[in-house]
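Observations on the three-dimensional arrangement
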Amino acid sequence: MEGKTEIRSSLMLLAAAVIWGVAFVAQSVGMDYVGPFTFNAARSLLGGIVLIPCIFLLNSREKKTEKKEADKKAERRNLLLGGVSCGICLCIASNLQQIGISYTTVGKAGFITAMYIILVPLLGIFMKKRAGLRVWISVAMAVAGLYLLCMTESFSISIGDAYVMVCALFFAFHILVIDYFSPRTDGVKMSCIQFLVSGVISGILMLVFEDPSLSSVLSAWMPIVYAGVMSCGAGYTLQILGQKKTDPTVASLILSLESVISVLAGWVLLGQSLTGKELLGCGVMFAAIILVQLPAGVFGKAGEKEKTA
């Protein structure tokens, strides 16, 4: 039964990666009409609004169980704290990524963003979590695959690269925050709160730094709707639900397939061709994901959650 739960969680995370990979096309098109804060404010608020009826539907189907007042209070506290923390991390990461893409190439942005697969286990060490040999080998393979997939020019540090580097750090924080709070509260409700928080903060930044117009937002309605309903509403909710039973390092590896899917989506939807080097990168990435999902006995445990030193 536990094996089925792990497979279901991994499939949820894979579905999130597919949705985010395809959303890369919407994200690129949306930037032709609106600024980064406007785009993220619209998509985040839409994602939060879409989840509200889902919450009511799920609540109506939930079996009513008696809970102690102390338990209810702790659950509400975790929900609010988790939602706000996730929302702040998501807001910073998504806006830095959007700004960074304006200054650097998509190849560099994709590679640097996906460096959260390295940052998650490194940050996890400071949180008394341990990743086994199998996971570290998979991380190394995934980074090599991402390099082949995304890096099409010589590496150099620009202002755009710096933005995306910090973005990757906050995506790593986002994964670790979800890892802590998702088992302690309702995932869909926490996802809704994180989008509303991210949307409100992005909206304030939009009013301060940009000059949005209704016509420009309407012109970008299709990429905003996809990014809001699918990427935010569905994708991040699947991430939260999937991470309930998945080690954060393993989760970050599965989610990093977003880069592979984005290249494939560009190939199918935008007619962009894949080079032999990029196809090799896709293959190495998929091999890393398969390796990290193999039975723990092959290389030792993938990671021990909440293990104290």
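In this text, all values refer to a predicted model and were calculated from it rather than measured experimentally.

A word on the overall build of the protein chain
Of the regular secondary structure elements, the protein chain holds 13 helices and 2 strands. Considering the protein chain as a whole, with its 309 residues, one finds that 48% of them fall into the buried category. In the protein chain, 93% of the contacts between residues at least 6 apart in sequence involve partners at least 24 apart. Total accessible area computed for the protein chain in this model is approximately 14,800 Å², and 69% of it derives from carbon and sulfur atoms.

Brief notes about the nonpolar core
In terms of nonpolar packing, the biggest core is built from 49 residues, with Tyr116, Ile117, Leu146, Leu149, Phe171 and Leu255 touching the most fellow members. If one sorts the elements of this core by residue count, helix H6 (residues 133-150) sits on top with 7 residues. Membership of the second largest hydrophobic core comes to 8 residues, among which are Leu79, Cys86, Ile178 and Met190.

Digging into the packing of aromatic side chains
One pass over the structure, following the stated rule, counts 7 aromatic pairs. Ring centres of Trp20 and Tyr236 lie 4.6 Å apart, and the angle between their planes is 45 degrees; this geometry places the pair in the tilted category. Here Tyr236 lies in helix H10 (residues 221-242) and Trp20 lies in helix H1 (residues 2-30), a separation of 216 residues in the sequence. Here the two residues Trp20 and Tyr236 agree in accessibility, since each one is buried. Three or more aromatic residues link up through ring pairs in this structure, and these residues are Trp20, Phe195 and Tyr236.

Observations concerning the environment of Leu269
Tracing the chain through its elements places Leu269 in helix H12 (residues 258-270). Judged by relative accessible area, which is 53%, Leu269 ranks as exposed. For the pair Leu269 and Val22, spaced 247 residues apart in sequence, the C-alpha to C-alpha distance is 8.9 Å. Beyond its immediate stretch of four places on either side in the chain, Leu269 contacts Val22 and Val25.

Looking at the packing of helix H7 (residues 159-181) against helix H11 (residues 248-255)
Taken N-terminus to C-terminus, the directions of H7 and H11 make an angle of 130 degrees; their axes are 10 Å apart at the nearest point. Taken together, the axes of H7 and H11 lie oblique to each other. Considering how the two elements wind past one another, H7 and H11 form a crossing that is right-handed. Judged by residue contacts, Ile175, Leu176 and Asp179 of H7 engage Pro248, Ser252 and Leu255 from H11. Taken together, the residues of the contact of H7 with H11 break down into 4 nonpolar, 1 polar and 1 charged.

With respect to the packing of helix H5 (residues 116-126) against H11
Closest axis-to-axis distance for the H5/H11 pair is 9 Å, and the angle between their directions is 175 degrees. For the element pair H5 / H11, the angle class is roughly antiparallel. Contact residues: H5 offers Tyr116, Ile117, Val120 and Pro121, while H11 offers Pro248, Thr249, Ser252, Leu253 and Leu255. Each residue belonging to the contact of H5 with H11 can be placed in one class, and the counts come to 7 nonpolar, 2 polar and no charged.

Some points on the environment of Val22
Here Val22 is to be found in helix H1. Looking at Val22, the relative accessible area reads 27%, which means it is partly exposed. The spatial distance from the C-alpha of Val22 to the C-alpha of Ala265 is 5.5 Å, given a sequence separation of 243 residues. What Val22 contacts, discounting residues up to four positions off in sequence, is Tyr226, Ile261, Ala265 and Leu269.

A closer look at the confidence of the model for the protein chain
A residue-level look at the protein chain finds 87% of positions with pLDDT of 70 or above and a mean pLDDT of 82. Summarising per-element confidence for the protein chain, the mean pLDDT is lowest in strand S2 (residues 303-304) (43) and highest in helix H8 (residues 187-209) (94).

Some details on H11
In terms of burial, H11 is a largely internal element, 8 of the 8 residues being buried. Pro248, Thr249, Val250, Ala251, Ser252, Leu253, Ile254 and Leu255 are the residues of H11 that are buried.

What counts and how
Residues numbered from 1 in each chain as written. Predicted model: local features only at pLDDT ≥ 70, side-chain atom pairs only at ≥ 80, totals over all residues. Heavy atoms only, no water. Helix = DSSP H or I, 4+ residues; strand = E, 2+ residues; numbered from the N terminus. Buried < 20%, exposed > 50% of the residue type's maximum accessible area, 1.4 Å probe, protein only. Contact = heavy atoms within 4.5 Å. Areas by Shrake-Rupley, 256 points an atom, 1.4 Å probe, with all protein chains shown as cover. Core = buried A, V, L, I, M, F, W, Y, C linked by side-chain atoms within 4.5 Å. Phe/Tyr/Trp six-rings, centres within 6.5 Å; stacked < 30°, edge-to-face > 60°. Axes fitted to C-alpha atoms, helices over the stretch in contact; angles between N-to-C directions. Parallel < 35°, antiparallel > 145°, perpendicular 65-115°, else oblique. Left-handed = near helix turned anticlockwise from the far one by under 90°. Nonpolar A, V, L, I, M, F, W, Y, C, P; charged D, E, K, R; others polar. pLDDT = per-residue confidence, 0-100.

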